[in-house]
Amino acid sequence: MDPILVAASEGNTAQLQSILDQDPDAIHVRHPDTSASPLHYAAESGSIEAVELLLTNGHPWNEVTNDHKTAAEWALGKGHQAVWDRLLQEGIRVEMLLALLGKPDAMEYDDETKQKLVDAGQVDVSDFLNKKLTYTDGLLVDEDGNGVMMNWEGPLMERHAAVIAPTPGLSVLNVGFGLGLIDTFLQDAKPAKHTIIEAHPDVYAKMLADGWDKKAGVKILFGRWQDVVEELEVYDGIFFDTFGEDYDALKEFHELLPNILSETGVYSYFNGLAGTNIFFHEVSCAIAEADLQDMGIETKIEKINMRDLGDEEWDGVRRKYWSLPIYNLPVCKFAM
Ligand SMILES: C[S@@+](CC[C@H](N)C(=O)[O-])C[C@H]1O[C@@H](n2cnc3c(N)ncnc32)[C@H](O)[C@@H]1O
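Values in this document were obtained by computation on a predicted structure and should not be read as measured data.

This part is about a nonpolar patch on the surface. A grouping of Leu97, Leu100 and Leu101 is seen on the molecular surface, where their side chains present a nonpolar patch of about 350 Å² in accessible area. Mapped onto the elements, Leu101 comes out in the loop between α6 (81–100) and α7 (111–119). Among the residues examined, Leu101 registers a relative accessible area of 59% and is labelled exposed.

In structure tokens:
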């Protein structure tokens, strides 16, 4: 193995420093078979000092191996919670700094990492609104086979609905109809007003075919939420779950909340942020929480145990977008 990987795996900071003093580019050495980085080995060794030294010398915090594992996961795999915590803190710090500096996308990866994510099935969903959608039993997919909404999310939608509409007679807003799961649960809660924003023409056609425009209290705003902002009112409960949009879009929606969520209202969103990697998920959740906090909104997380979805659940779907054992359901309210 390359000397820097050996030194990192031994947590040998003196040796690491000496190698980097002689050749600063050694920070870029990766294991030829797995792409594991010096940070992976240092994290696995449990040496905070070695991790710190590598970060100080410019090692990225978010490198992944060929099987998409981060250094933090290698640390946790060996029970090194303190190393996990340190890397989590670093991820949050770097991503917030990038966001402050106006760098694109809070989770921007280098080209090689991006390719690994594409190989892992994460695909380009731009141009989503021009793609034909198909409803099959309990599934909404686009023409490339990307799952837009899946039935396994039903229990989550039931809980999200209960959180934003705990009593009858409220005024609620849902952004993104999909399979209409949350809207069906919201109807059960008998809201006085139930507004739904939906952008895709095929989904809108299905809503009309199923008579959603005739249901009590329902108002459909057909268009991208970005384009119907002027028509929004103030709501007691708001839920957001679109498709093909990145964190910047979610953040942009969050910035509307002070104008559209009532003082005592509850907001929640589908928390699929980096839903296939526990470490990136935790970094993303912390950033979303901090961004909401900036607007005076407090987030409490309800932890929901997920059943193992198994491969058959993803039959006919190209991109597995969730694989974590716990779902962090956000319950957001203005701080009193
Ligand atoms: C994941 S599905 C929503 C599923 C829904 N929560 C349910 O319970 O069935 C996402 C929906 O958001 C819609 N959508 C995507 N981008 C949108 C946007 N910018 N504005 C409004 N709707 C959008 C999609 O067409 C799709 O119907």
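A few words on the packing of helix α11 (residues 247–254) against helix α13 (residues 278–293). Look at α11 against α13: their axes get within 10 Å of each other, and the N-to-C directions meet at 25 degrees. In terms of axis orientation, α11 runs roughly parallel to α13. In the crossing of α11 with α13, the sense of the turn from one axis to the other is right-handed. Each of Tyr247, Lys251 and His254 in α11 lies in contact with α13, whose residues at this interface are Ile287, Ala288, Asp291 and Leu292.

Sheet architecture is open: three strands sit in the order β1-β2-β3, paired in antiparallel fashion. At either end of the open sheet lies a strand with only one pairing partner, and these are β1 (133–136) and β3 (147–150). For this sheet, the mean angle separating the axes of adjacent strands, direction not counted, is 15 degrees. Sheet topology note: the strand β2 (residues 139–142)/β3 ladder contains three bridges and is antiparallel. Its bridge partner lying in β3, Val141 is registered against Gly147.

Turning our attention to the site of the ligand. Around the ligand, the structure places 24 residues, and the nearest of them are Val148, Ile182, Glu198, Trp225 and Asp241. Interatomic distance of 3.0 Å between a backbone N/O atom of Gly178 and an oxygen atom of the ligand. Glu198 places a polar side-chain atom, nitrogen or oxygen, 2.6 Å from an oxygen atom of the ligand. For the ligand, whose free accessible area comes to 600 Å², the fraction covered by protein is 98%. A majority-of-atoms criterion places the ligand in the second largest pocket. Listed by contribution, the elements that provide at least two residues to the shell around the ligand are β3 and α9 (181–188). Its residues placed into classes, the shell around the ligand shows 13 nonpolar, seven polar and four charged.

Let us now look at the UniProt feature "repeat: ANK" (unreviewed entry) in the protein. What UniProt calls "repeat: ANK" (unreviewed entry) maps, in this numbering, to residues 34–66. Between the C-alpha atoms that bound residues 34–66 there is a distance of 5 Å. The span itself is 52% helix and 0% strand.

Before going further, it helps to examine the packing of aromatic side chains. Under the definition given, this model contains 18 aromatic pairs. Arranged with centres 4.8 Å apart and planes meeting at 55 degrees, the rings of Phe128 and Phe243 form a pair that is tilted. Placement of Phe128 in the loop between α7 and β1 and of Phe243 in the loop between β7 (235–240) and α11 is noted, with a sequence separation of 115 residues between them. Here Phe243 falls in the buried class, since its relative accessible area comes to 13%. Taking the centre distance of 5.9 Å and the plane angle of 35 degrees together, the rings of Trp152 and Tyr321 count as tilted. Highlighted residues: Trp152 in the loop between β3 and α8 (154–164) and Tyr321 in the loop between β9 (297–305) and β10 (326–334), separated in sequence by 169 residues.

Across soluble globular proteins, nonpolar side chains have a tendency to be buried as a group. One finds Leu87, Ile238, Phe253, Ile260, Tyr267, Tyr269 and Phe279 to be the most contacted residues of the largest nonpolar core, which totals 62 residues. Domain assignment of the residues forming this core places at least three in each of domain 1 (3–119) and domain 2 (128–334). Ignoring anything within four residues of it in the chain, the contact list for Phe279 reads Trp61, Thr70, Ala72, Glu73, Trp84, Leu87 and Leu88. By size, the runner-up hydrophobic cluster in this structure holds 44 residues, among which are Val141, Met157, Ala161 and Leu324.

The final tally for this structure, using the stated rule, is 14 salt bridges. Across the pair Arg30 and Glu63 runs a salt bridge, and its minimum N-O distance is 2.8 Å. In this pair, Arg30 is assigned in the loop between α2 (13–22) and α3 (38–45) and Glu63 in the loop between α4 (48–56) and α5 (71–77), connecting sequence segments 33 residues apart. Look at Glu63 and you get buried, because its relative accessible area is 12%. With a shortest N-O distance of 3.5 Å, Asp213 and Lys214 are connected by a salt bridge. The class for Lys214 is exposed, based on a relative accessible area of 68%.

With that out of the way, let us pick up the pairing of strand β8 (residues 261–269). Where burial is concerned, most of β8 is hidden: seven out of the nine residues are buried. Pairing analysis gives five bridges linking β7 to β8, with the strands arranged parallel. Each bridged residue has a counterpart across the sheet, and for Tyr235 the counterpart in β8 is Leu261.

Here the focus is α3. The buried count for α3 comes to six of eight residues, which makes it a mostly enclosed element. For α3, the complete set of buried residues consists of Pro38, Leu39, His40, Tyr41, Ala42 and Ala43. On its buried face, α3 sits against α1 (3–9), α4, α5 and α6. Trailing α3 by a residue or two, Gly46 shows a phi angle of about 85 degrees, which is positive.

What counts as what
Residues numbered from 1 in each chain as written. Predicted model: local features only at pLDDT ≥ 70, side-chain atom pairs only at ≥ 80, totals over all residues. Heavy atoms only, no water. Patch = residues over 30% accessible without salt bridge, like charges linked within 9 Å, V, L, I, M, F, W, Y side chains within 5 Å. Areas by Shrake-Rupley, 256 points an atom, 1.4 Å probe, with all protein chains shown as cover. Salt bridge = Lys/Arg side-chain N within 4 Å of Asp/Glu carboxyl O. Helix = DSSP H or I, 4+ residues; strand = E, 2+ residues; numbered from the N terminus. Buried < 20%, exposed > 50% of the residue type's maximum accessible area, 1.4 Å probe, protein only. Axes fitted to C-alpha atoms, helices over the stretch in contact; angles between N-to-C directions. Parallel < 35°, antiparallel > 145°, perpendicular 65-115°, else oblique. Left-handed = near helix turned anticlockwise from the far one by under 90°. Contact = heavy atoms within 4.5 Å. Pairing = 2+ DSSP bridges. Near = heavy atom within 4 Å. Polar contact = N/O pair within 3.5 Å; in protein donor to acceptor, adjacent residues only side chain to side chain. 1 Å grid on protein atoms, 1.4 Å probe; cavity = no way out; pocket = protein on both sides within 12 Å on 5 of 7 lines; lining within 4 Å. Sits in = over half its atoms within 2 Å of the grid points. Nonpolar A, V, L, I, M, F, W, Y, C, P; charged D, E, K, R; others polar. UniProt positions renumbered as here; feature names shortened; annotations may be inferred. Phe/Tyr/Trp six-rings, centres within 6.5 Å; stacked < 30°, edge-to-face > 60°. Core = buried A, V, L, I, M, F, W, Y, C linked by side-chain atoms within 4.5 Å. Domains from an automatic or database assignment.

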